[in-house]
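Commentary on secondary and tertiary structure
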Amino acid sequence: MTGPILRRDPYLRWVLLLALVAFGVRVCSIAANLPDVPNPDEHLTIWPPLRMAYGTWSATGGYPPLYDYLLLGEYGVFYGLGAVAGQFAGPMDFARQMLSDPTPLYLLGRMTSVLLGTATVLWLYAVGRRLYDGRIGLLAAAFLTFDTVHVYASRVVKNDVLMVFLLVGSFWFAVGNLQNGRTRHYMLAG
């Protein structure tokens, strides 16, 4: 028995399968080389949220701060859960443990990139479907699923995957603006 969404979009099953494959391809090696990090820029994204948590809000390292704010929220939840579980005696204990082994910070950031990369595959399908049809959207999603640059960028903690996610989202709303011309599409595309 198929639901009304699957009857309207026969390619939805395939794109969900592609999203699952995209997630698997991106997540399979996020713990590689930790705590030694081969990417020289990854540490520039990991540490500024911790500096922000200790009161230095201008410590974004020269990158746009949205990813830093996302990581700051994740680090806060991680610290809160760890403090409740008795893993951290306080903020200084948390800082000391993260300085001695920053692996959890890298894994949190890398998982965020994996999820954003997987969501970009889904959103690109929606753009192709909105512009043309489900076949084109599925083809675009398949190309992004196996694109080696996007797969690599989705495994490291950098702003690149967040930027592509927001770019595809902006394009989706811009296409909606061309098709419908509603004011909300103008605002959301911006």
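See the structure shown above.
Per chain, the residues get numbers from 1 upward, laid out in the order the sequence is written. For this predicted model, a pLDDT threshold of at least 70 governs which residues receive local features, and a threshold of 80 or more governs which side-chain atom pairs are given and counted, while totals over whole chains, interfaces and linings are taken from all residues. Where side-chain values are given, they derive from all heavy atoms of the structure, hydrogens and water being excluded.

Let's talk about the overall build of the protein
Put simply, the test is: Only DSSP runs of H or I covering at least 4 residues are called helices, and only runs of E covering at least 2 are called strands; the numbering of each starts at the N terminus. In what follows, residue pairs with any heavy atoms lying within 4.5 Å of each other are defined as contacts. Method for areas: the Shrake-Rupley scheme with a 1.4 Å probe, in which residue coverage is limited to the protein chains shown.
Of the regular secondary structure elements, the protein holds 10 helices and 0 strands. Mapped from its N terminus to its C terminus, the protein presents α and β elements in the order α-α-α-α-α-α-α-α-α-α. Reported as C-alpha extents along the three principal axes, the dimensions of the protein are approximately 55 × 35 × 35 Å. Partitioning the intrachain contacts of the protein with sequence separation of at least 6 by distance along the chain shows that 70% fall at a separation of at least 24. Accessible surface, the protein as shown: approximately 10,700 Å² in total, 68% of it carbon and sulfur.

Describing the pattern of salt bridges
Between side chains of opposite charge, pairing is possible as soon as their charged atoms come close. For clarity, the threshold we go by: Each reported salt bridge corresponds to a side-chain nitrogen of Lys or Arg within 4 Å of a carboxyl oxygen of Asp or Glu. The classification of residues rests on relative accessible area computed with a 1.4 Å probe and restricted to protein chains. Under 20% of the type maximum is buried, over 50% is exposed, and intermediate values are partly exposed.
Scanning the model with the defined rule gives 3 salt bridges in all. Notably, a salt bridge pairs aspartate 93 with arginine 96, separated by 2.8 Å at the nearest N-O pair. Taken together, the positions of aspartate 93 and arginine 96, both in helix α5 (residues 91-100) and 3 residues apart, correspond to about one turn of that helix. By relative accessible area, aspartate 93 is classed as buried at 14%. Here aspartate 160 and lysine 158 are joined by a salt bridge, their closest N and O atoms 3.7 Å apart. Classification of aspartate 160 by relative accessible area gives partly exposed; the value is 34%.

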